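# Examining the three-dimensional arrangement
Chain residues, written in single-letter form:
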Amino acid sequence: MQLLYDLQEWIVLGLSVAALGVEAWALVDCVRRPSDAFEAAGKRTKPFWLVVTVVAALLGVVSIGAIPGLLGIVGIIGAGVYLADVRPALDQVMGRGRTEGPYGPW
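A few points on the structure. (Residues numbered from 1 in each chain as written. Predicted model: local features only at pLDDT ≥ 70, side-chain atom pairs only at ≥ 80, totals over all residues. Heavy atoms only, no water.)

## Details of helix α3 (residues 46–62)
Between its first and last C-alpha, α3 extends 24 Å over 17 residues, near the 24 Å set by a 1.5 Å rise per residue. Elements that come into contact with the buried residues of α3 comprise α1 (2–32), α2 (35–41) and α4 (70–93). (Helix = DSSP H or I, 4+ residues; strand = E, 2+ residues; numbered from the N terminus. Expected span 1.5 Å × (residues − 1). Contact = heavy atoms within 4.5 Å.)

## Side note on a nonpolar patch on the surface
Where nonpolar side chains cluster on the molecular surface, the patch consists of Met1, Leu4, Tyr5, Leu7, Ile11 and Leu15 and spans about 680 Å² of accessible area. Residue position: tyrosine 5 is located in helix α1. Classification of tyrosine 5 by relative accessible area gives partly exposed; the value is 45%. (Patch = residues over 30% accessible without salt bridge, like charges linked within 9 Å, V, L, I, M, F, W, Y side chains within 5 Å. Areas by Shrake-Rupley, 256 points an atom, 1.4 Å probe, with all protein chains shown as cover. Salt bridge = Lys/Arg side-chain N within 4 Å of Asp/Glu carboxyl O. Buried < 20%, exposed > 50% of the residue type's maximum accessible area, 1.4 Å probe, protein only.)

## Overview of the nonpolar core
Judged by nonpolar contacts, the single largest core of 13 residues is most densely connected at Ala26, Cys30, Phe38, Trp49, Tyr82, Val86 and Leu90. At the level of elements, α1, α2, α3 and α4 are the ones that each hand at least two residues to this core. At 6 residues, the largest contribution of residues to this core is made by α4. Beyond its immediate sequence surroundings of up to four residues, tryptophan 49 is in contact with Cys30, Phe38, Lys43, Arg44, Val81, Tyr82 and Val86. (Core = buried A, V, L, I, M, F, W, Y, C linked by side-chain atoms within 4.5 Å.)

Any functional reading would require information that these geometric values do not contain.
Here is the structure:
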């Protein structure tokens, strides 16, 4: 039975480290973007997204090795929203994004 508990602890640790990696990626990406690109993309302001990604990364650090609770989930959701919604819009405004969707022009 102890083997199952140890396996569960390793899985939780691996998932929390992976979540922290995603949150750190979102934070570093947000820091590297110019402020005017956020407003040009219509995605709030850079300070707003910096706060979101910093809080997400801090929540990721706090929840390392712990069973994912509400705070850990909030952190990964904040980073996920940035990476899935804001980052592609910034890429498109800065000329690095895709000009067509997977099935042709949007």
